[in-house]
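Now for the letters of each chain:
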Amino acid sequence: MSPGLPRSLQGRLLAGLLGAVVVVWLAAGLATWQDARHELDELLDGHLAQAAALLVAQQAGATDEHAPGIDAPQLHHYAPRVAFQVWHEGRLALRSANAPATPMVGAEALARSAPATAARPGRHAERLRGHGDRGTPDDAGDFRLGFHTVALADSDWRVFTAQGAERDVQVFVGEQLSSRRAILWAVLRSTLWPLALALPLLALVIWAVVRQGTAPLRRLGQQLARRAPQALAPLPLEGLPTEMLPPLAALNGLFERITAMVETERRFTADAAHELRTPIAAIRTQAQVALAETDDGERRHALRATLAGCDRATRLVDQLLTLSRLEAGAAPPMATLDLGALAQRVAAELAPGALRRRQTLGLDAAPGCTVQGNDTLLAVLLRNLVDNALRYSPDGAEVRLSVQPLAGGVQLRVEDSGPGLAEAERQRLGERFFRVLGSGQSGSGLGWSIVRRIAAAHGARVDVDRAEALGGLSVTVHWPAPAPG
Amino acid sequence: MRILLAEDDTLLGDGLRAGLRQAGFQVDWVRDGAAAERELRAQPYAAAVLDLGLPLMDGMDVLASVRRAGVTLPVLVLTARDAVPDRIRGLDSGADDYVVKPIDLDELAARLRALVRRAHGQPQETLQAQGVCLDPAGRSVTRDGQPVALSAREFDLLQALMLSAGRVLSREQLEQQLYSWGREVESNAVEVHVHHLRKKLGAELIQTVRGVGYLLPRDGDTP
């Protein structure tokens with residue numbers, strides 16, 4: 001926004017409209033001025049020529065008088081602005097009182113200005129001459145018929161020069177140019193004055209109309225300002241001007257997205273509260289039971305449960321920390337590593353637990369399956385996948401872990417013979433704290449979020465499906481072929 | 001007193017069951033919402049402890065469903081959701097108490113006792129009838145100020161009768177209120193306990209309504 005413009009829409013519209021009106025008025029005034037001047041020039045030039053014609057006609061019968069006469073009756077207050085001279089044989093035969101004693105148009109001025117001014121002598125001049133060729137030099141030297149603009153005494157004059165019936169008679173009729181200007185000014189004044197007077201009124205009307213037009217905007221502003229910060233209901237669009245609809249529709253869309261975000265956040269908080277409080281509640285309850293229990297066997301049971309609760313809380317804290325580190329978004333240091341070797345390490349780690357539950361954990365790793373990745377994070381991913389498979393499968397179940405090259409990339413697959421998941425549940429896996437209900441296992445639902453985030457950080461894709469061979473769940477993590485170059 | 005515990009978390013459920021048993025309750029433990037709803041409709045529990053995040057059916061839905069079915073037992077909602085709107089929603093859906101995890105076992109037991117007492121229209125902490133005074137919190141009984149030693153079953157039976165003083169309870173009703181699942185009930189267990197109670201507290205305390213059940217008259221009902 002340029003600093004010169006008013007900040008308010010109303011101010012801008014008012015300034016713009018008024019400015020445009022003034023410019024249009026001035027242009028109209030200029031056009032009127034031009035037109036009026038043209039018409040006025042034609043009219044007054046006509047009068048000059050007419051006056052000259054009269055003088056010529058009158059002089060035809062009076063050239064014999066040798067005494068120079070002064071025709072002085074001033075019949076009209078306009079008269080001082082008009083002057084005439086009649087020259088005969090180089091002498092001033094007749095003149096008006098305000099005419100000078102020398103020719104109003106000097107010989108050199110006549111010669112200089114003749115071609116330009118004689119170009120438009122007007123109809124009167126044509127008729128006046130009646131005969132002869134006005135462009136042809138004649139006996140009177142270079143005296144020409146026509147209009148001249150000359151400076152006499154203290155003002156500019158418009159002078160019409162004509163030749164009498166006899167060649168040595170010259171007639172000059174002049175008029176002060178300032179009088180023409182005065183008429184023009186009067187015309188222009190009468191045109192512009194009403195407009196100038198109307199301008200404030202117009203400004204008032206424009207202001208009121210613009211104010212009326214921008215009222216919906218102000219109402220919207222007040223409506224938004226009155227809103228409670230938590231209010232995210234869409235704004236009503238009925239009855240609003242069409243120009244306001246796109247931004248308001250966008251605003252409503254924003255409200256909708258924020259509502260959804262707040263809802264997700266609220267659900268997350270509720271789920272997190274459940275996941276964090278329940279293990280602590282369990283520990284507290286079991287410890288209290290152990291404290292009050294008199295039966296030895298029951299007390300030992302409660303104490304073991306207390307320890308199990310502590311292990312669970314520890315795992316939960318670890319998972320939360322891992323997740324928060326992943327969500328912090330710091331890119332982990334990557335290196336080329338053998339996924340098969342890593343899978344072997346993790347499987348070895350988890351095998352004892354599986355054996356205790358008579359579960360079979362098998363690994364099938366093709367040699368040379370390398371990926372770009374972070375050793376620690378990929379170990380976490382593998383541990384989560386294998387641990388999930390073992391945890392949610394019954395005693396005696398089978399879990400197969402395989403690492404194979406696929407389409408230039410590498411594919412890691414963990415399959416189990418557990419109960420598997422329904423389609424709807426498979427789709428929700430990976431939502432933080434989403435837990436498959438009724439599994440009888442005390443998971444937090446964070447494992448899947450972690451798996452997905454680690455995979456995303458490595459550019460790998462996670463697919464969950466039914467295990468064809470084992471009947472349980474099959475999880476596939478696929479690293480695409482590294483980009484060439 | 002027999003109560004239903006609906007909690008899907010294995011460790012917490014196990015602990016709550018053990019703790020509430022220590023406090024003298026008979027506890028039936030279910031781990032999903034559907035089972036909770038089924039049992040609440042079928043059995044005459046004295047009260048229920050209901051977790052909200054239950055599998056198969058949310059605790060709130062269980063509550064709404066059993067309330068619609070006319071089940072009036074006191075329900076204590078035990079949950080991790082502590083946001084005020086959640087609490088309000090819980091209480092408005094028919095919960096009698098709303099407790100956020102973790103909770104002290106003694107407090108939970110006390111709240112349950114208070115809920116049961118109020119549900120029976122007994123504002124007093126102790127139950128009284130014909131000079132017999134029963135203290136549910138201390139699990140002790142006195143007759144004319146003198147302590148009387150009762151077995152756990154005898155205490156539970158007396159408490160059930162005193163809570164419903166003035167109403168006849170059938171033998172089946174009493175059995176259902178006294179025994180949680182998996183406890184073998186001998187066919188004449190109630191008769192035996194009533195017999196012992198009469199011996200310890202006086203023959204007139206508990207009256208037999210032949211073919212119907214037992215009745216503990218309210219003070220003022222007897223001449």
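Residues numbered from 1 in each chain as written. Chains lettered and ligands numbered in written order. Predicted model: local features only at pLDDT ≥ 70, side-chain atom pairs only at ≥ 80, totals over all residues. Heavy atoms only, no water.

Focus on the environment of A:Pro480
All names here are of chain A.
Then step 1. By secondary structure assignment, the location of Pro 480 is in the segment after strand 13 (473-479).
Then step 2. Relative accessible area serves as the criterion here: at 47%, Pro 480 is assigned to the partly exposed category.
Then step 3. The spacing of Pro 480 and Val 410 is 70 residues in sequence and 6.8 Å in space, taken between C-alpha atoms.
Then step 4. In this structure Pro 480 touches Gly 409 and Gly 459, once residues within four positions along its chain are discounted. (Helix = DSSP H or I, 4+ residues; strand = E, 2+ residues; numbered from the N terminus. Buried < 20%, exposed > 50% of the residue type's maximum accessible area, 1.4 Å probe, protein only. Contact = heavy atoms within 4.5 Å.)

Comments concerning a nonpolar patch on the surface
Residues and elements named next belong to chain A.
Then step 1. Nonpolar side chains collect at one region of the surface, where Leu 9, Leu 13, Leu 17 and Leu 217 lie side by side and expose about 320 Å² of accessible area between them.
Then step 2. It is helix 1 (residues 9-60) that contributes the most residues to the nonpolar patch, three residues altogether.
Then step 3. As for its position among the elements, Leu 13 is in helix 1.
Then step 4. A relative accessible area of 36% places Leu 13 in the partly exposed class. (Patch = residues over 30% accessible without salt bridge, like charges linked within 9 Å, V, L, I, M, F, W, Y side chains within 5 Å. Areas by Shrake-Rupley, 256 points an atom, 1.4 Å probe, with all protein chains shown as cover. Salt bridge = Lys/Arg side-chain N within 4 Å of Asp/Glu carboxyl O.)

Topic: the sheet that holds strand 8 (residues 360-365) of chain A
Residue and element names in this part refer to chain A.
Then step 1. Pairing is mixed across the open sheet formed by five strands, whose spatial order is 8-10-11-13-12. Across the chains shown, the open sheet's two edge strands, defined by having one partner strand only, are strand 8 and strand 12 (461-466). Neighbour-to-neighbour, the strand axes of the sheet open up by a mean angle of 15°, direction not taken into account.
Then step 2. Judged from the six bridges that link them, strand 12 and strand 13 form a sheet pairing that is antiparallel. (Pairing = 2+ DSSP bridges. Axes fitted to C-alpha atoms, helices over the stretch in contact; angles between N-to-C directions.)

Structural notes on the pattern of salt bridges
Then step 1. Under the defined criterion, the tally for this structure stands at 27 salt bridges over all chains.
Then step 2. A salt bridge links A:Glu349 to A:Arg383; the shortest N-O distance between them is 2.7 Å. Taken together, the residues span a long stretch of sequence, with A:Glu349 in helix 8 (residues 339-356) and A:Arg383 in helix 9 (residues 375-391) at a distance of 34 residues.
Then step 3. Note that B:Arg111 and B:Asp97 form a salt bridge whose closest N and O atoms lie 2.7 Å from each other. Taken together, the residues B:Arg111 in helix 5 (residues 105-119) and B:Asp97 in strand 5 (residues 97-100) connect sequence positions 14 residues apart.
Then step 4. Because the salt bridges share partners, they merge into one network encompassing A:Asp41, A:Asp45, A:Arg158, A:Glu175 and A:Arg180.

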